[in-house]
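Commentary on secondary and tertiary structure
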Amino acid sequence: KQEVTQIPAALSVPEGENLVLNCSFTDSAIYNLQWFRQDPGKGLTSLLLIQSSQREQTSGRLNASLDKSSGRSTLYIAASQPGDSATYLCAPHSGGGADGLTFGKGTHLIIQP
Amino acid sequence: GAGVSQTPSNKVTEKGKYVELRCDPISGHTALYWYRQSLGQGPEFLIYFQGTGAADDSGLPNDRFFAVRPEGSVSTLKIQRTERGDSAVYLCASSLSPQETQYFGPGTRLLVL
């Protein structure tokens, strides 16, 4: 059974800093991996999808990397802004897509103005 | 275009009652997923539909939970004899295919008194 761990559980940094969120998963036989953000009381917003054949994916100030063999992914956020404050969730997708995503508990990020 | 929509946004019911939660996926998305999120946790997979059929219902906690997608579009999650432990946010997601990005709805917050 896939298990996902995200470190740190919470992070508070001043605006403008670059930061890295870590995700590890136990079953490396994944099809792809998604990163999401979740604002309080809201649904999930997809940030990036990395296919298992890819090493990284970029969108604006976000860069996600994937090392499938070691069961790790990182989300890099450049030049953080207060609007980046949210909970960030990583979710590997196993079983060739024929099942659901497995989520960690997320990293609760606060960017101080 | 329109995203994934879920109704109702909030549902309060009494222990033992029956509830139905509805999900309208993005038009053209053949894959549909239901998840459940408890406070402070990441979402937990419940069931996956490809078209009209439930391709994987391994995440349903017990036989009180059932979901349908009769025409391959709208899906309904049905919970019989609700228990207080069923209280959570129920999230629906859809994707063009199982291997592509999942887009989440805003969720239905269920409270069982």
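That block above? That's the structure.
Source: prediction; values computed, not measured. (Residues numbered from 1 in each chain as written. Chains lettered and ligands numbered in written order. Predicted model: local features only at pLDDT ≥ 70, side-chain atom pairs only at ≥ 80, totals over all residues. Heavy atoms only, no water.)

**A closer look at the environment of A:S24**
Residue and element names in this part refer to chain A.
- Mapped onto the elements, S24 comes out in strand β3 (residues 19-25).
- Taking relative accessible area as the criterion, S24 reaches 30% and is therefore assigned partly exposed.
- As for S24 and R37, which are separated by 13 residues in sequence, their C-alpha atoms are 17 Å apart.
- Residues contacting S24, with those up to four places away along its chain left out, are E3, V4, T5, G71 and R72. (Helix = DSSP H or I, 4+ residues; strand = E, 2+ residues; numbered from the N terminus. Buried < 20%, exposed > 50% of the residue type's maximum accessible area, 1.4 Å probe, protein only. Contact = heavy atoms within 4.5 Å.)

**Some thoughts on the pairing of strand β4 (residues 30-38) of chain A**
All names here are of chain A.
- Along β4, 8 of the 9 residues are buried, which leaves the element largely enclosed by surrounding structure.
- With 8 bridges connecting them, β4 and strand β9 (residues 86-94) associate as antiparallel partners. Residue pairing across strands places I30 opposite S94, the latter belonging to β9.
- Pairing of β4 with strand β5 (residues 44-51), which is carried by 7 bridges, proceeds in the antiparallel orientation. Directly across from F36, in β5, lies its bridge partner S46.
- In sequence, β4 turns back onto β5 through a hairpin of 5 residues, with G41 there showing a positive phi of about 75°. (Pairing = 2+ DSSP bridges.)

**Describing the environment of A:S94**
- When you line up the elements, A:S94 lands in strand β9.
- Setting aside anything within four residues of it in sequence, one finds A:S94 in contact with A:Q2, A:A29, A:I30, A:Y31 and A:D99.

**Thoughts on the sheet that holds strand β2 (residues 10-14) of chain A**
Residues and elements named next belong to chain A.
- Reading across the sheet, the 5 strands line up as β2-β10-β9-β4-β5 and stay open at both edges, with mixed pairing between neighbours. Looking at strand neighbours, the two that pair on one side only are β2 and β5, the edges of this open sheet. On average, each strand axis in the sheet is inclined to that of its neighbour by 25°, with strand direction left out of account. (Axes fitted to C-alpha atoms, helices over the stretch in contact; angles between N-to-C directions.)

**Observations regarding the pattern of salt bridges**
All names here are of chain B.
- Counted by the stated rule, this structure contains 6 salt bridges over all chains.
- Notably, a salt bridge pairs R22 with D24, separated by 2.8 Å at the nearest N-O pair.
- Residue class for D24 comes out partly exposed when judged on its relative accessible area of 22%.
- Residues participating in the shared-partner salt-bridge network are R64, E83 and D86. (Salt bridge = Lys/Arg side-chain N within 4 Å of Asp/Glu carboxyl O.)

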